[in-house]
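# Tertiary structure, described
Residue strings, one per chain:
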Amino acid sequence: MEPSTPLDSSSNMDSFMFDSSSRRSTVSIHSRSSGVINSTREVSFGHSGSKPVRYGSKGAESEALSMSQKEISDEDARLVYVDDPDKTNDMLEFAGNSILTGKYSIFTFLPRNLFEQFHRVAYIYFLVIAILNQLPQLAVFGRGVSILPLAFVLLVTGVKDAFEDWRRHRSDKIENNRLGLILVNGQFLEKKWKHIRVGEVIKIRANETIPCDIVLLSTSDPTGVAYVQTLNLDGESNLKTRYAKQETQSKLPEKEKLDVLIKCEKPNRNIYGFQGNIEVDGKRLSLGSSNIVLRGCELKNTNWALGVAVYCGRDTKAMLNSSGAPSKRSLLETRMNSEIIMLSFFLVALCIVTSVCAAVWLKRHKDELNLMPYYRKLDVSEGKEESYKYYGWVLEIVFTFLMSVIVYQVMIPISLYISMELVRVGQAYFMIGDSRMYDKATESKFQCRALNINEDLGQIKYVFSDKTGTLTENKMEFQCASILGFDYSSATASLENEQVEYTVQADGTIFKPKMMVKVNQELLQLSKSGFTNDEGKQIYDFFLALAACNTIVPLVADTSDPMVKLIDYQGESPDEQALTFAAAAYGFMLIERTSGHIVIDIHGERQRFNVLGLHEFDSDRKRMSVILGYSDNSVKLFVKGADTSMLRLIDKSLNTDILHATKSHLHTYSSVGLRTLVIGTRDLDASEFEQWQSSFEVASTALMGRAALLRKVAINIENKLCILGATAIEDKLQQGVPESIESLRIAGIKVWVLTGDKQETAISIGYSSRLLTSNMIQIIINTNNRESCRRHLQDALVMSRQHMTTPGVTHNSEEGSDSVSTSFALIVDGTSLVYILDSELEEEFFQLASRCSVVLCCRVAPLQKAGIVALVKHRTDDMTLAIGDGANDVSMIQMADIGVGISGQEGRQAVMASDFAMGQFRFLVPLLLIHGHWNYQRLGYMITYNFYRNAIFVLVLFWYVLFTAFTLTTAINEWSSMLYSIIYTALPTIVVGILDKDLSKRTLLKHPQLYGAGLRNEAYNKKLFWLTMADTLWQSIAVFFVPLIAYWGTTIDVASIGDLWTLAVVILVNLHLAMDVIRWNWITHAAIWGSIIATFICVIVIDAIPVFPGYWAIFDVAGTALFWLCLLGIVIAALLPRLVVKYLYQYYFPSDIQISRETEKFGNPRDNGGGEIEMLPVSDAPP
Amino acid sequence: MASSSAAGAGSTDPAAARRNTKRPKYSKFTQQELPACKPILTPRAVISAFLLVSIVFVPIGVASLIASRKVVEIVFRYESTCIPNNVTDKVAYIQSSADKTCNITLHVNKHMKSPIHVYYQLDNFYQNHRRYVKSRSDEQLRDRSEENSTSTCKPEDTANGKAIVPCGLIAWSLFNDTYSFSRVNQSLKVNKEGISWKSDREHKFGKDVFPRNFQSSAIKGGASLNESIPLSKQEDLIVWMRTAALPTFRKLYGRIEEDLNEGDSINVILKNNYNTYSFNGKKKLVLSTTSWLGGKNDFLGIAYLTVGGLCFFLALSFTIVYFVKPRQLGDPSYLSWNMNPGGH
């Protein structure tokens, strides 16, 4: 067992520490204590726009406490006169409750949408070019033509935005017109939500949605408790308790005019915090987050509740939180930008060459310009001699430069950004639609929340995974109980009879628990056989403790059979739920819980216990206790907690044998990965109870330091316990987790598990998920101070180096992790991480961790999770992915390059913060290995192709300029040159970017190693860029010079040769793509051949317009054999080098992908008994 | 196996798909499993492709070369020979009103079958200069009512305050050398009809648009036009206004519809009016027959032969290399993780 943590843990990190016994409850607990230590703890990371995330903080006391110490100054306060909306809104008009998530109205759409669109650099580039072209001196293209591309993208984006906004408006309208009960002149009337104002009193009935943020005044429960479900807000389906102040609980606003003033903070987005105070009858009381119910929550299990609206409409916390995830930029795009800069240099170079040549030409023909027929500087039309369109040598050069920028503008492939967005949308469509990533259990599809990092999924090197709820199901299952030193494990005993359905009949209705639990028959018999003897009494107490010592709320639901009622246990901790269900299965069914008493059905007999006191869980004590008053006035204390904290409190003089036996059971349980809890009890005599009661009352009414006082009271009473036993709960692994981890590891991805669990549990889960294997060398770093931590790290580093160098022939340390002989597993605990993350040890830790194939971090706080991710992210260029399901994973999800949320049992916060969300951990395999791989390959190819596509066009234009006295005439019709990137060549690249796949799903899953292509940047790199550019140069030369020489000294006119060039470029560019397409389905065929046909049609249409100088050119020139021979010759000659290089490369230096493609098509030649049997089939040899 | 379990879980049960509305609809499209063919560059395919290219290209190349060789062409460069020897300032001479008639004799070395195309060829004349190509008004040429739309025609838009028809630099610089041919004192008729595109005559140049105010400005650029003939009949203008793509170009002058025999001497009376001297432009008179491929140009034939030959050579060398060093397609032992020494 672990060394016990001292109670006086003052370190901030310690208060974040999770407890193994009950993770869910610790989340809430740390915040409670954090309120004492440090009233607000906001976690925010460097990137701008990130919303401050505050973890937990649901506790009433701490908030109230910090509130009472801090007065809200009047300027920062919002004053709400209850039931007096006129007065409330008198001074400052607070926002009404109508919400408007739509960005635009009909009138503001055009200006606002344009304004927002022009925030993008690409559009500004378009705009500047278009404006330049409007200057008469620079008018290269006609007015209409030059606006066309810009207008096109603006239109497409505008239509998309308008559609989205229309949908938002529609949902706003539905939301605003919902009805709520509002108090008007002493009567509750139905009113539309949008008319609710701050200060109005609202009545909410059971199962209704709260229309705005309200402070509770009174509820149907006499103690003022209301249960709410925050599913819509943070997705947590369990019930949370909210309280109305006792002082307002008794008031009836229908009868009497209230004179209540609420003073609270200005609207903010912190959904877990609220500060304010309320003045009732001259008394001032503080309000905390337990008094406020937020918009979007639902009232459950409470007949009605009254509340006063304090924040409405856009001021509500739900609305303030509805901003999207921070935008990330993909690695590929970042890499691409450096090549874009390269292309800008090319562009500038081309422009400089053009203008310098033009300058030389002008200088040489200086004297001839006046009368030269094709220049004619002299203008005599006005009767006097003047220069026509000549602004002097220097200006002419400047103009030439600017004009060449306009002509060569497509060198910067702005359309690529738009195509990429479209392609990503298409890819997202297919990812969402993939039936492999649909989770039947939760009925959740895959979600793409970020649309700009699809391709990063193909380059992930590090996966950081949460454990609970991610690797495991977070569905706790009661497995073993150790009572009085006897081990009853349900797993072994109930092989034949699976799950016993336990039902209780009362007043003709049958109650049955919603979840079934495996039971141990022996124990079931024992628990049934009455509790006459001493042993029986102990068992009775044990199950009573399980049923009572918790904060579970039973919910009774109807079933199809009116006689049968289903009992569901709702609570914040899944462990407690599991224990309560287990107790129910053994005949101790919790039926009802109010703040004062509980009703438990014990083997058909209903018993009522008074709950005299409840000490909630906190991370310092790591236990909770309940004081039950029996009907015979005896009083008993039940305590349940983590073994570390409980074993110290057990009275060692009693039952030493039992204690020993229990200890050894605990050890066995936790070593097989079970979560353990110890249960103890003590009878309280009257004096003891009275003493406790008085101090409890003092503490709970204290204004200052209430939480600390309460804890002290708890500590005083929780001692000298008699041990009842221990429980073990299994946190089940999710389906397919071991296989997934195996796949990821073969793929060369390093999986790091960051968990809040203790070391033993983490290691056992590590084994069961095949993260750890027996042939791994484990390096465990588990230290208490910096120096020993450093020493450990250095020793481990030396050792790992030695192991690395001895087999040492591995070329690449990156790939070395695949080798079987020595792989290391690094196991670090949270305390050591505190020292590592705070200091220069980071570097050493990273060195060590990068040599290990597995890293397990235990007892990690949320912030540390993010810290570890940041550590890796800042030290390598490798991509990181974080996957988690709970609020504690949010920081890590936001920190990593890609955040994946599991939309499972815990809240939706992880999903809200994530870029991708899915139902199960195992979906990570298809996501990365299939979709990530495809997306990366597709986009990588698409980028180089787009560079090529635009560059070849610009080069053809450029070559022609060299033969026009450097005056930027374009032989290609201006309409064609604008349509080039919109119609002629746009669709095929988008279709290929969405649909092409290099390998089938099966192959990719069979050989996870193929993922390495993304890790090695094979689809897009500098070498590929330069090769493509060289190819582009050759192709442009072929396209341009074949017609040039063939038509030199003939009667060919500008328009005809321009049409030839247009068609040649378009056909070539499309065939180039066709040559690289891997899978031809009908859509690809349609897109590529369709584009070529569309180009012919467009060229014909343009040439059929008589006002263009090139009228009828295509009909004339296409009637000659020379035209067609040129076209054929160009295409073959241009593609020849590419084909040769591609063939040689694929055949003699095949990449893994290439070989797998061949295997896919022709089968594996080795399978047909073709020699070399000693070679193992690849798939069966995991490292 | 990792793959099989993950794959198995995802396999769809169509009945379940119908029950669950949220479940993604299964179709070959959404699962990206549309039937597709996946071509691979196998040695056989590549070698046959190269052979095919060479089989197609070599005959085309040979045919082109033959066609080009069959074309008989007489080129006579005259811009310097037609200047009297005593003239030093060529520009001043050409601008003067002196008689610039020039007699030259062409020798036919090979039988020329009619029709024989008569071209004039200009070198170093940038008809594709930006200022030049833009200086025209297509509306004005087509439509009588658009007579005044001359804004694009500067600096030849108006003269004496009135619009010029046809306006612009292109029309203004209309070529005005003339040729008349005779063989043994018997004149050869040059047919100047149908030298322009039919589409231009019918749709681009108006039948009711007549030249007006043309060449009346201070500087005369070239030929004048008969103001009684509509633009659609002014074929020299129509030909000239199809601006050439390249700085060296020919324009059709007319056709001689008689055969010229080997050994014939043809006298040409040439009026050397056009000023190319100011920018060192060359002028050539060309008589040429045509083939199915156009004029005399060996380039295409040579290019086709080269590409065809290269493809044949590549096909041959790929075959040799294939036999010397074959690789079995889809052989997993070439996979990088199988070649990794650590993996064994």
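Residues numbered from 1 in each chain as written. Chains lettered and ligands numbered in written order. Predicted model: local features only at pLDDT ≥ 70, side-chain atom pairs only at ≥ 80, totals over all residues. Heavy atoms only, no water.

### Some points on the UniProt feature "binding site: Mg(2+)" (unreviewed entry) in chain A
Residues and elements named next belong to chain A. What counts is decided by this rule: UniProt positions are given in the numbering used here, feature names are shortened, and annotations may be inferred rather than shown by experiment. Strands here mean DSSP runs of E at least two residues long; helices mean DSSP runs of H or I at least four residues long; both are numbered from the N terminus. Buried means the residue's accessible area, taken with a 1.4 Å probe over protein chains only, is under 20% of the maximum for its type, while exposed means over 50%, and partly exposed covers the values in between. Between N or O atoms, a polar contact is any pair within 3.5 Å; within protein, one atom must be a potential hydrogen donor and the other a potential acceptor, and residues adjacent in sequence are included only when both atoms are from side chains. Only heavy atoms enter the contact rule, under which two residues are in contact if any of them lie within 4.5 Å.
Following the UniProt record, the feature "binding site: Mg(2+)" (unreviewed entry) maps to Asp466, Thr468, Asp885 and Asp889 here. Over a stretch of 424 residues, the named residues converge on one spot in the fold, their C-alpha atoms separated by at most 10.6 Å. Within the secondary structure layout, Asp466 lies in strand β17 (residues 460-466). The class for Asp466 is buried, based on a relative accessible area of 1%. Polar side-chain contacts of Asp466 include one of 3.3 Å to the side chain of Thr470. Considering the arrangement of structural elements, one finds Asp889 in the loop between β37 (879-884) and α28 (890-895). Setting aside residues no more than four positions away along its own chain, Asp889 makes contact with Asp466, Lys865 and Gly884. A distance of 2.9 Å separates a polar atom in the side chain of Asp889 from the backbone nitrogen of Asp885.

### Some remarks on a negative patch on the surface
Residue and element names in this part refer to chain B. To keep things clear, this is the line we draw: For patch building, the residue pool is restricted to those with more than 30% relative accessible area and no salt bridge; the joining distance is 9 Å between like charges and 5 Å between nonpolar side chains (Val, Leu, Ile, Met, Phe, Trp, Tyr). Every accessible area reported is derived by Shrake-Rupley at a probe size of 1.4 Å, with residue values counting cover from the shown protein chains alone. We define a salt bridge as a contact between a side-chain nitrogen of Lys or Arg and a carboxyl oxygen of Asp or Glu at a distance within 4 Å. When charges are counted, Lys and Arg contribute as positive and Asp and Glu as negative, whereas His and the chain ends are disregarded. By convention, the point assigned to a charge is CZ for Arg, NZ for Lys, CD for Glu and CG for Asp.
Together, Glu139, Asp143, Glu146 and Asp208 make up a negatively charged patch on the protein surface. Note that Glu146 resides in the loop between α6 (138-142) and β4 (158-159). Relative accessible area serves as the criterion here: at 32%, Glu146 is assigned to the partly exposed category.

### What to know about the nonpolar core
Buried together is how nonpolar side chains tend to be arranged in soluble globular proteins. Keep this limit in mind: By nonpolar core we mean a set of buried residues, namely Ala, Val, Leu, Ile, Met, Phe, Trp, Tyr and Cys, connected to one another through side-chain atoms within 4.5 Å.
Grouped together as the largest cluster of nonpolar side chains are 135 residues, with contacts concentrated most on A:Tyr408, A:Phe947, A:Tyr1047, A:Trp1061 and B:Phe50. By residue number, the principal contributor to this core is helix α30 (residues 924-961) of chain A, which donates 18 residues. Excluding residues within four positions of it along the chain, A:Phe947 makes contact with A:Met336, A:Glu339, A:Ile340, A:Leu343, A:Pro413, A:Leu416, A:Tyr1020, A:Phe1025 and A:Met1029. Counting 75 residues, the second largest nonpolar core, distinct from the first, contains A:Leu546, A:Ala578, A:Tyr586 and A:Ile717.

### Comments concerning the sheet that holds strand β6 (residues 178-183) of chain B
All names here are of chain B. How we decide: A pair of strands counts as paired when DSSP detects no fewer than two bridges linking them. Between the N-to-C directions of two axes lies an angle of 0 to 180 degrees, each axis being a line fitted to C-alpha atoms and, for a helix, fitted only over the stretch in contact.
Taken in spatial order, the four strands make up an open sheet running β2-β10-β6-β7, and their pairing is antiparallel. Each having just a single partner strand, β2 (101-107) and β7 (186-188) make up the two edges of the open sheet. Neighbouring strand axes in the sheet, compared pairwise and without regard to direction, differ in orientation by 30° on average. One ladder, built from three bridges, connects β6 with β7; its direction is antiparallel. Looking at the pairing, Ser182 lines up with Ser187 of β7.

### What to know about the UniProt feature "active site" (unreviewed entry) in chain A
Here, UniProt's "active site" (unreviewed entry) annotation points to A:Asp466. In terms of polar contacts, A:Asp466 uses its side chain to reach the side chain of A:Lys865, at 3.0 Å.

### Notes on the state of the cysteines
As a reminder of what qualifies: For this text, the term disulfide refers to a pair of cysteine sulfurs within 2.5 Å.
This model, assessed by the stated rule, comprises two disulfides over all chains. Paired through a disulfide, B:Cys153 and B:Cys167 show a sulfur-sulfur distance of 1.9 Å. With B:Cys153 in the loop between α6 and β4 and B:Cys167 in the loop between β5 (162-163) and α7 (169-172), the pair connects residues that are 14 residues apart, well separated along the chain. The class for B:Cys153 is buried, based on a relative accessible area of 0%. For B:Cys167, a relative accessible area of 1% corresponds to the buried category. The connectivity of the disulfides in chain B is 1-2, 3-4, where the numbers refer to bonded cysteines in sequence order. A:Cys858 takes part in no disulfide bond, and the closest cysteine sulfur, belonging to A:Cys857, lies 7.1 Å away. A:Cys858 gets classed as buried once you look at its relative accessible area, which sits at 0%.

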